[in-house]
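# Structure assessment
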Amino acid sequence: MNILVVNTGSTSTKMGLYDGDVPVFEKTLRHTVSDLASFKGVVDQYSFRTNILLDELKNSHVSAKDLACVVGIGGLLAPLEGGTYLVNQAMLEDLEKAKYGEHASNLGGIIAHTIAKETGIPAYIVDPVVVDEMEDIFRISGHPLLPRRSIFHALNQKAIARRYCSENGKNYNEVNLVVVHMGGGISVSLHSKGRVIDTNNALDGDGPFTPERSGSLPAGQLAQLCFSGEYAHEDVKELIKGKGGVVAYFGTNSMMDLEEAVAKGDPQAAMLMDAMALQVAKYIAAMAVGACGNIDAILLTGGIARAKPLTDEITRRVGFVAPVCVYGGEDEISALALGALRVLRGDEEARVYGG
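In what follows, the accompanying structure is described. All figures in this text were calculated on a predicted structure; none of them were measured in a lab. (Residues numbered from 1 in each chain as written. Predicted model: local features only at pLDDT ≥ 70, side-chain atom pairs only at ≥ 80, totals over all residues. Heavy atoms only, no water.)

What the protein contains, in helices and strands, is 13 helices and 12 strands. Overall size of the protein, expressed as C-alpha extent along the three principal axes, is 55 × 50 × 45 Å. In the protein, which comprises 355 residues, the share counted as buried stands at 48%. On the protein, roughly 16700 Å² of surface is accessible, and the fraction owed to carbon and sulfur atoms is 52%. Side-chain charges in the protein split into 32 positive and 43 negative, and the spacing between the mean points of these groups amounts to 1 Å. (Helix = DSSP H or I, 4+ residues; strand = E, 2+ residues; numbered from the N terminus. Buried < 20%, exposed > 50% of the residue type's maximum accessible area, 1.4 Å probe, protein only. Areas by Shrake-Rupley, 256 points an atom, 1.4 Å probe, with all protein chains shown as cover. Lys, Arg positive; Asp, Glu negative; His and termini not counted. Charge placed at Lys NZ, Arg CZ, Asp CG, Glu CD.)

Written as structure tokens, this is what we have:
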């Protein structure tokens with residue numbers, strides 16, 4: 001039951017081969033700025049990335065006829081429920097046209113389909129970032145022109161939630177969990193009975209501040225800044241995403257640098273680390289309200305969940321809500337493989353994308 005995994009990032013194409021749930025190998029094929037400079041858009045990189053990946057498969061003595069399926073990272077698609085989706089024509093058209101936005105992850109499903117169709121095996125995607133299971137009451141923001149949106153780290157969050165349940169003898173469809181993914185963006189979500197019924201828009205301006213994003217800002221002050229004449233639209237977008245958060249306060253988006261400064265006794269760094277922990281903790285507590293406080297566990301994951309000062313302070317502040325478990329890092333390759341495996345084993349049915 002060999003599964004080929006394809007994860008396309010902005011400057012890399014990661015691949016992995018799994019025999020059931022056992023990893024055979026994982027490789028990262030890196031692309032320099034000059035490698036990608038000649039391509040006008042992301043979809044134009046398709047042949048370049050596909051050929052490199054096929055060459056790597058050949059060098060690894062892997063043929064499409066040896067595979068049960070190919071699974072790719074999910075891209076920007078129409079909002080959909082979580083699960084494993086068969087790559088069909090409607091999905092391919094939306095990804096190729098970048099109908100819902102352009103991102104390197106759009107190539108995952110396209111490349112998976114190309115490799116799979118050679119021998120007629122299925123191609124899948126799993127829990128893309130556009131997973132939307134939010135209940136309507138949580139969409140209300142305070143003004144109908146600005147509804148709250150579900151954009152979060154669905155793949156890693158759901159994988160970690162299932163891992164926690166597997167390790168603790170629980171059924172994901174029967175528990176309430178608050179799951180926090182902490183990386184360049186931070187998403188805090190309420191998983192209730194197998195569905196993510198509330199989450200922050202981790203992409204562009206909702207939730208805690210992050211290494212490079214401002215998170216939720218005082219609305220009146222932001223509006224005044226926008227019309228001050230000092231900032232163009234692109235400037236404000238960068239203030240919210242890219243040049244906000246730790247970058248704005250401390251001049252770096254590296255949590256390792258911040259953690260090192262804390263260890264050396266820098267009071268500004270310590271204040272910033274504690275402030276991030278405080279904001280994450282406040283959103284965790286807010287998510288718990290959505291389940292009337294009936295939370296089985298709080299799960300902290302993502303790259304900066306490796307920062308012990310951060311996770312220790314979050315745990316200190318939210319331990320009264322529920323037990324806290326830390327899963328530092330993320331493993332999208334494994335999450336994609338396991339999503340496909342659930343379908344191959346008949347544990348769940350592949351969903352059909354309708355656009």
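Under the defined criterion, the tally for this structure stands at two aromatic pairs. On the numbers, 5.5 Å between centres and 40° between planes, the contact of F39 with F48 is tilted. Residue F39 is classed as partly exposed on the basis of its relative accessible area, which comes to 23%. Plain terms: the ring middles of F209 and Y249 are 6.2 Å apart, the flat faces sit at 45° to each other, and that makes the pair tilted. Highlighted residues: F209 in the loop between strand 9 (195–199) and helix 7 (219–226) and Y249 in helix 9 (residues 246–250), separated in sequence by 40 residues. Residue Y249 is classed as exposed on the basis of its relative accessible area, which comes to 55%. Above the face of the F25 ring, K27 is positioned so that its terminal group lies 5.1 Å from the ring centre. (Phe/Tyr/Trp six-rings, centres within 6.5 Å; stacked < 30°, edge-to-face > 60°. Lys NZ or Arg CZ within 6 Å of the ring centre and 35° of its normal.)

Now for the environment of P211. Along the chain, the position of P211 falls in the loop between strand 9 and helix 7. For the pair P211 and L155, spaced 56 residues apart in sequence, the C-alpha to C-alpha distance is 21 Å. Sequence-distant contacts of P211, defined by excluding residues within four places in its chain, comprise G183, G184, G244, G245, V246, V247, T252, N253, M255, M276 and I304. (Contact = heavy atoms within 4.5 Å.)

Even without being a glycine, H61 presents a positive backbone phi close to 60°. Relative accessible area serves as the criterion here: at 72%, H61 is assigned to the exposed category.

What follows covers the sheet that holds strand 10 (residues 297–302). One key point about sheets: their strands pair by backbone hydrogen bonds, in either a parallel or an antiparallel sense. Read from one edge of the open sheet, five strands run 9-8-7-10-11, paired in mixed fashion. What marks the edges here is a single partner per strand, and that holds for strand 9 and strand 11 (324–328). Strand-to-strand twist of the sheet, defined as the mean angle between neighbouring strand axes without regard to direction, takes the value 25°. Both strand 8 (residues 186–192) and strand 9 contribute to a ladder of four bridges, which runs antiparallel. Each residue of the ladder has a partner; that of H191, found in strand 9, is V196. Where helix 11 (residues 267–289) meets the sheet, its contacts fall on strand 7 (176–182), strand 8, strand 9 and strand 10, and the angle it forms with strand 8 comes to roughly 20°. (Pairing = 2+ DSSP bridges. Axes fitted to C-alpha atoms, helices over the stretch in contact; angles between N-to-C directions.)

Here we come to the pattern of salt bridges. Following the criterion strictly, the structure yields 17 salt bridges and no others. In this structure, R195 and E81 form a salt bridge, with 3.1 Å as the shortest nitrogen-oxygen distance. Taken together, the residues span a long stretch of sequence, with R195 in strand 9 and E81 in the loop between strand 4 (69–73) and strand 5 (84–86) at a distance of 114 residues. Under the relative-accessibility criterion, R195 is labelled partly exposed at 32%. (Salt bridge = Lys/Arg side-chain N within 4 Å of Asp/Glu carboxyl O.)

Where helix 10 (residues 255–263) contacts helix 11, the axes come no closer than 8 Å and their chain directions differ by 125°. Overall, the two elements helix 10 and helix 11 adopt an arrangement that is oblique. In this structure, the crossing between helix 10 and helix 11 has a hand that is left-handed. Counting all contacts with helix 10, which are made through M255, L258, E259, A261 and V262, the residues of helix 11 involved are A269, A270, L272, M273 and M276. Residues belonging to the contact of helix 10 with helix 11 are distributed by class as follows: nine nonpolar, no polar and one charged. (Parallel < 35°, antiparallel > 145°, perpendicular 65-115°, else oblique. Left-handed = near helix turned anticlockwise from the far one by under 90°. Nonpolar A, V, L, I, M, F, W, Y, C, P; charged D, E, K, R; others polar.)

All right, on to the sheet that holds strand 1 (residues 2–8) then. Sheet architecture is open: seven strands sit in the order 3-2-1-4-6-5-12, paired in mixed fashion. Edge positions in the open sheet fall to strand 3 (22–30) and strand 12 (351–352), since each of these has one partner strand only. Judged from the four bridges that link them, strand 4 and strand 6 (residues 123–126) form a sheet pairing that is parallel. By the bridge assignment, V71 is partnered in strand 6 with Y124. Seen against the sheet, helix 4 (residues 106–117) touches strand 1, strand 4 and strand 6 and runs at an angle of roughly 165° to strand 4.

Worth remembering: the numbers are spatial, not functional.
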